[in-house]
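What the coordinates show
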Amino acid sequence: MHKIILFAIILIFSQPTLASLQKCVDDAGMFHYYTHIMPPECQNKTTVEMNEHGVVIRTHAAENKPDIAKTAKNKIDAQQQVEEKRRDAVLLNTYTSEEEIDWVLGRNVEPIELAISGIEMRLNIAKNQLRILKQQADEAEKSGNPTLASIQQDMIPVKRNVTQLENELIKNHARISSLKEKFATDRKRFQTLKGQKL
């Protein structure tokens, strides 16, 4: 008799247990059912666990996991605000008026403009040299003069010099434009900050 009871108990507990049915509702209002593997639509959603008769056994509240992208953006925004406040403080501590900003801009632009004048003079000389060499080369080519090859060799460094000087001019004009843009931004921000203090 004991053997029969023991066999019955072993038989009951050795039966495979059915996994409970889980259900969730996605953002679009669609129901998703699963037993073992949670579908992606149910991630961070409240799920309901049901027995084999469809009766709710328990409810699992959604996990409020921090939004990593949002957290990173908030951190960047906070850093930008700190940096902006620092720049504002520097601006107010550096200048006392808009006229002073204009004066400092002039002081920064003046040496670059002087450099541009010097480059333009050297460029005119180099271009003139190149023009003369080209004329000599044309004449030598027409007359069959053997000095043509020598003249063409002389033109190489002069051409290189012209190109370098033209590039220097472009860079210096870009520096002036950049400075003017920066100081215009500073001037506008200075006006705003002074207006806020009034």
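Everything below is about the structure shown above.
The sections below set out a description of the structure shown in this document.

The rules we used
Residues numbered from 1 in each chain as written. Predicted model: local features only at pLDDT ≥ 70, side-chain atom pairs only at ≥ 80, totals over all residues. Heavy atoms only, no water. Pairing = 2+ DSSP bridges. Helix = DSSP H or I, 4+ residues; strand = E, 2+ residues; numbered from the N terminus. Axes fitted to C-alpha atoms, helices over the stretch in contact; angles between N-to-C directions. Salt bridge = Lys/Arg side-chain N within 4 Å of Asp/Glu carboxyl O. Buried < 20%, exposed > 50% of the residue type's maximum accessible area, 1.4 Å probe, protein only. Core = buried A, V, L, I, M, F, W, Y, C linked by side-chain atoms within 4.5 Å. Disulfide = S-S within 2.5 Å. Polar contact = N/O pair within 3.5 Å; in protein donor to acceptor, adjacent residues only side chain to side chain. Contact = heavy atoms within 4.5 Å.

Glancing now at the sheet that holds strand β3 (residues 47-50). Ordered in space as β2-β1-β3-β4, the four strands form an open sheet in which the pairing is antiparallel. Of all the strands in the sheet, just β2 (31-34) and β4 (56-60) have a single pairing partner and so form its edges. Direction aside, the axes of adjacent strands within the sheet are offset by 25 degrees on average. Two strands pair when backbone bridges link them, and strand β1 (residues 21-25) and β2 are joined in this way by four bridges, in the antiparallel orientation. The partner of Gln22 across the bridge, within β2, is Tyr34.

Looking now at the pairing of β4. Examined bridge by bridge, β3 and β4 share four bridges and lie antiparallel to one another. Pairing of Thr47 across the sheet is with His60, part of β4. If you look at the hairpin formed by β3 and β4, you'll find five residues sitting between the two strands, and Gly54 has a positive phi there, around 85 degrees.

For the coordinates displayed, the defined rule picks out 11 salt bridges. Across the pair Arg86 and Glu83 runs a salt bridge, and its minimum N-O distance is 2.7 Å. Note that Arg86 and Glu83 are positioned in helix α2 (residues 68-94) at a spacing of three residues, about one turn of the helix. We classify Arg86 as partly exposed; its relative accessible area is 45%. In this structure Glu83 comes out as partly exposed when scored by relative accessible area, which is 31%. The partner of Glu84 in a salt bridge is Arg189, with the nearest N and O atoms 3.6 Å apart. With Glu84 in helix α2 and Arg189 in helix α4 (residues 148-197), the pair connects residues that are 105 residues apart, well separated along the chain. Overlapping salt bridges bring together Glu83, Arg86 and Arg87 as one network.

Attention now moves to the nonpolar core. Of all hydrophobic cores here, the largest spans 27 residues; its most connected members are Tyr95, Ile151, Met155, Leu179 and Phe183. Residue assignment for this core shows that the elements contributing at least two residues are α3 (98-143) and α4. Counting residues per element, this core draws most heavily on α3, at 13 residues.

To continue, consider the state of the cysteines. Per the stated rule, a full pass over the model turns up one disulfide. Paired by a disulfide, Cys24 and Cys42 hold their sulfur atoms 1.8 Å apart. For the disulfide bridge between Cys24 and Cys42, the dihedral angle about the S-S bond is near -75 degrees, and by the sign convention the bridge is left-handed. Here the residue Cys24 occupies a position in strand β1, and Cys42 occupies one in the loop between β2 and β3, the gap between them amounting to 18 residues. Cys42 carries the same exposure label as Cys24, and that label is buried.

Within the element layout of this structure, Lys171 appears in helix α4. On the accessibility criterion, Lys171 (60% relative accessible area) is exposed. Sequence-wise, Lys171 and Ile116 are 55 residues apart; in three dimensions their C-alpha atoms are separated by 9.8 Å.

Attention now goes to the side chain of Asp88. Positionally, Asp88 belongs in helix α2. Taking the relative accessible area as the measure of exposure, Asp88 reaches 12% and is therefore buried. Within polar-contact distance, the side chain of Asp88 engages the side chain of Arg189 at 2.7 Å. For Asp88, the residues in contact, after removing those within four places along its chain, are Arg189 and Leu193.

What follows deals with the side chain of Thr47. Checked against the element boundaries, Thr47 lands in strand β3. If near-sequence neighbours (up to four positions away) are discounted, Thr47 is found in contact with Gln22, Lys23, Cys24, Tyr34, Met38, Arg58, Thr59 and His60.

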